[in-house]
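# Structural overview for review
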Amino acid sequence: MSEYSLVAESVNKTFGRRLIFRDINFKLNSSTIFGISGPNGSGKSTLVKIIANIISPSSGKLVHSINGTEIKPEKLHNYIGLVSPYLVLYDEFTAYENLNYFSEIRGISFDKEKVDELLNKFLLFNRKDDLVKTYSSGMKQRLKFIFALMHSPQLIILDEPTSNLDDEGKEVVYQLVKEEGSRNVVIVASNEKTDLNLCTNKIDLNDYKV
Amino acid sequence: MIWKIFLFLLLCFVSIAGISFPIVENPQAWYEFPFIKGLEENAKIIFFHVPTAWLTVIAFLMTAVYSVQYLRKKNLDDDAKSYAAAQLGIIFCILATVTGAVWAKFAWGSFWSWDPRQTSIFVLLLIYGAWFALRSSIESEEKRATLSSVYAIIAFVTVPFFIFIMPRIMTGLHPGSADDTNAGPVINFKMNGNMQLIFFLSLIGFTILYFWMWRLGYKSIIYRDKLNRQLIIPTRSGQGG
Amino acid sequence: MKSLALFKKDLNSELRTRYAINALAMFIIVTLSIILFSIGNERISQSLTGGLFWVVIFFTSMSGLSRVFVSEEERGTSLTLQLIAAPSTVFSGKLLFNLILVFAMNTIIAILYSALFEAFVLRNFALFLVSFILGNIGLAFASTIIAAIISKAGAKGTLYPVLSFPILLPLILTSVQLTLFAMNGTSFETAKFELAIVVCYDVIILTVSYMLFDFIWKE
């Protein structure tokens, strides 16, 4: 059982000369569900992108480590799974092709069993050989969860996880958060009260503006 | 304040001396310039043309240096510095091109003949143009600073190639230019002492002028940014979700 | 071979969507016919033919080589790539794709060109081949990094040739010179200097690209 830890040390972000948030500090270990709340435009997605190493903070740093050793930034992507509204999968490929290419580009072997299990869980198994452009927005959202989970990441970041999902889909997501939250680090950024109910600790970005 | 008066007097002296001192066959007096075969009165452009070309290169160098600095520190002030340098760079680049072309009209008979140096200054003009076009197409300040820094560095490493290939390529494209004995406004002719003195005074004067303008330029950019930030109500929107 | 997997993905995607291939094929035809029409029945000189050859290559490159990054950026999939690959992997994959594309495109141009222009006779074919290969490599390197820059900037289409031209100019001028050498039957010994220039250009652009790509890719 590997022990993941994520430490944020006085993270600041400004766009140009405009402040988004300042001095965010937290320390997360495996089996945590961490909630990020705040109104629209408060910088939730920005913080999520900083945690996922997609954009860099203006100052401060994030330290990802596994079993006590720090993960190099160029290796980090294989420890992280991200679901977010701005994530887009390739329209011209089928779900299966998408997932296959993703694992090849990641440099890991394609775990067919795991993918099939996830496809079943998210009710997409029958549609796995259809082009993604034929999918509805809810189905695309469910496919993103498979994309985020197929490589068994230790840090799962869910940005507005239940958008576009029906009640059944939401239930699957909550189950998943509970399940993954017992082993790994799960971060949920959302406005929805119900999304954040499962969180063990939370921050509100409104408290980091001054 | 004193050095501004000094600079004013220096540039006045250089302008008056550069234009009005006579060129004679055998210079005797301190204010007489020597007669240079093939250049004659055209020689006087050296006091104004060479400094502009020199500052074009200095500005290009400074743009690249502050671009590296920006990528290392991510401080928008460095971007303001490279932007101010490039603004002056393109002005001096245009001045150098125009003064060079005017000189070429009288020395070589045509405004433009794709001489190696003319081509080099033209390439610098293209790079500056491309750099400003790139900047104007990007909204976000940080993205603009990063991408234009990257482009400035790439342009900076490719420019030295022209120094090596121009002399060989140009003879290939324009066989006539190689036979031209006056090829290039190279300073290999004999200047006497006072001519050299005025030339270097002009170079120094223009360089001080450049750094003064550059300081004013980048400071005003930084102040304008700060004012904008205070005037615009912090909407916080845009990038967040 | 993660970058090879990315290349495979791009190739497959290209075969399905035909973003770049169609544009490139049409551009080859358009530029060649414009040149042919404007020449009419005139017999053009040998040196002009060598120069026009690279004009065709430059404009064709500008029409299609930016797709590798622009298509990801337009669809919003560059974020997905950031999540599954390190920047160096992304750049290598895209570079490989553009290399193959440049070689395919320029080979077709060369074949069509020698068929259509009588004055385009290569007396030293080996020299042409070497300079053609080196020139293509440089073209692919420079156009890939500029494509990365413009994909992150706003005005994509028009900006590409504007930014690429000053960067590609040393390469194109030297390649024109080398093509003329090959047409005149000059020996490798004489062309040594130009070949060295192109090799230096390729190496420097590649090094700078890898050093700077991280800054472009990670916002």
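These notes cover the structure that comes with them.

### Things to note about the overall build of chain B
In terms of regular secondary structure, chain B is built from eight helices and two strands. Ordering the α and β elements of chain B from the N terminus gives α-β-β-α-α-α-α-α-α-α. Taken across its 241 residues, chain B has 44% of its residues classed as buried. Long-range contacts, defined here as pairs at least 24 residues apart, represent 73% of the contacts in chain B between residues at least 6 apart. Surface accessibility of chain B: about 12,500 Å² in total, with carbon and sulfur atoms responsible for 67%.

### A short note on the packing of aromatic side chains
On inspection of all chains with the given rule, the structure shows 38 aromatic pairs over all chains. Ring centres of B:Phe199 and B:Phe200 lie 5.1 Å apart, and the angle between their planes is 65°; on these two criteria the pair is classed as edge-to-face. With relative accessibility at 5%, the residue B:Phe199 sits in the buried group. Through a chain of ring-to-ring contacts, the aromatic side chains of C:Phe53, C:Trp54, C:Tyr113, C:Phe117, C:Phe120, C:Phe125, C:Phe128 and C:Phe132 assemble into a single cluster.

### Thoughts on the pairing of strand S3 (residues 32-37) of chain A
Residue and element names in this part refer to chain A. Of all the six residues making up S3, six are buried; the element is thus mostly covered by neighbouring parts of the structure. For S3 and strand S8 (residues 185-189), the ladder comprises five bridges, and the chain directions are parallel. Within S8, the position partnered with Ile33 by the bridge is Val186.

### A closer look at the pattern of salt bridges
Residue and element names in this part refer to chain C. With the rule as written, the count across this model stands at 17 salt bridges over all chains. The shortest N-O distance in the salt bridge between Glu74 and Arg67 comes to 3.6 Å. The class of Arg67 is buried, set by a relative accessible area of 17%. For Glu73, the salt bridge goes to Lys152, with nearest N and O atoms at 3.3 Å. One end of the pair, Glu73, is in helix H4 (residues 67-75); the other, Lys152, is in helix H7 (residues 125-152), with 79 residues separating them in the sequence. Because the salt bridges share partners, they merge into one network encompassing Lys9, Asp10, Glu72 and Lys94.

### What to know about the interface of chain C and chain B
Taken residue by residue, the interface counts 31 residues in chain C and 29 residues in chain B. Of the roughly 2,800 Å² buried where chain C meets chain B, counting both sides, 83% is carbon and sulfur surface. On the chain C side of the contact with chain B, C:Pro166, C:Leu173 and C:Phe215 bury the most area, a combined 19% of that side's loss. The interface formed by chain C and chain B holds zero salt bridges in total. Across the chain C-chain B interface, the total number found is two residue pairs in polar contact (both at pLDDT 80 or more). Listing elements by their share of the side of chain C that touches chain B, those giving two or more residues are H7, helix H8 (156-184) and helix H9 (188-217) of chain C. Among the elements that make up the side of chain C that touches chain B, the one with the highest residue count is H9(C) (12 residues). Grouping the amino acids of the side of chain C that touches chain B by side-chain chemistry returns 24 nonpolar, four polar and three charged.

Thresholds, definitions, all that
- Residues numbered from 1 in each chain as written.
- Chains lettered and ligands numbered in written order.
- Predicted model: local features only at pLDDT ≥ 70, side-chain atom pairs only at ≥ 80, totals over all residues.
- Heavy atoms only, no water.
- Helix = DSSP H or I, 4+ residues; strand = E, 2+ residues; numbered from the N terminus.
- Buried < 20%, exposed > 50% of the residue type's maximum accessible area, 1.4 Å probe, protein only.
- Contact = heavy atoms within 4.5 Å.
- Areas by Shrake-Rupley, 256 points an atom, 1.4 Å probe, with all protein chains shown as cover.
- Phe/Tyr/Trp six-rings, centres within 6.5 Å; stacked < 30°, edge-to-face > 60°.
- Pairing = 2+ DSSP bridges.
- Salt bridge = Lys/Arg side-chain N within 4 Å of Asp/Glu carboxyl O.
- Buried area = accessible area lost by both parts, 1.4 Å probe.
- Polar contact = N/O pair within 3.5 Å; in protein donor to acceptor, adjacent residues only side chain to side chain.
- Nonpolar A, V, L, I, M, F, W, Y, C, P; charged D, E, K, R; others polar.

Interpretation note: all reported values are geometric properties and have no functional meaning in isolation.
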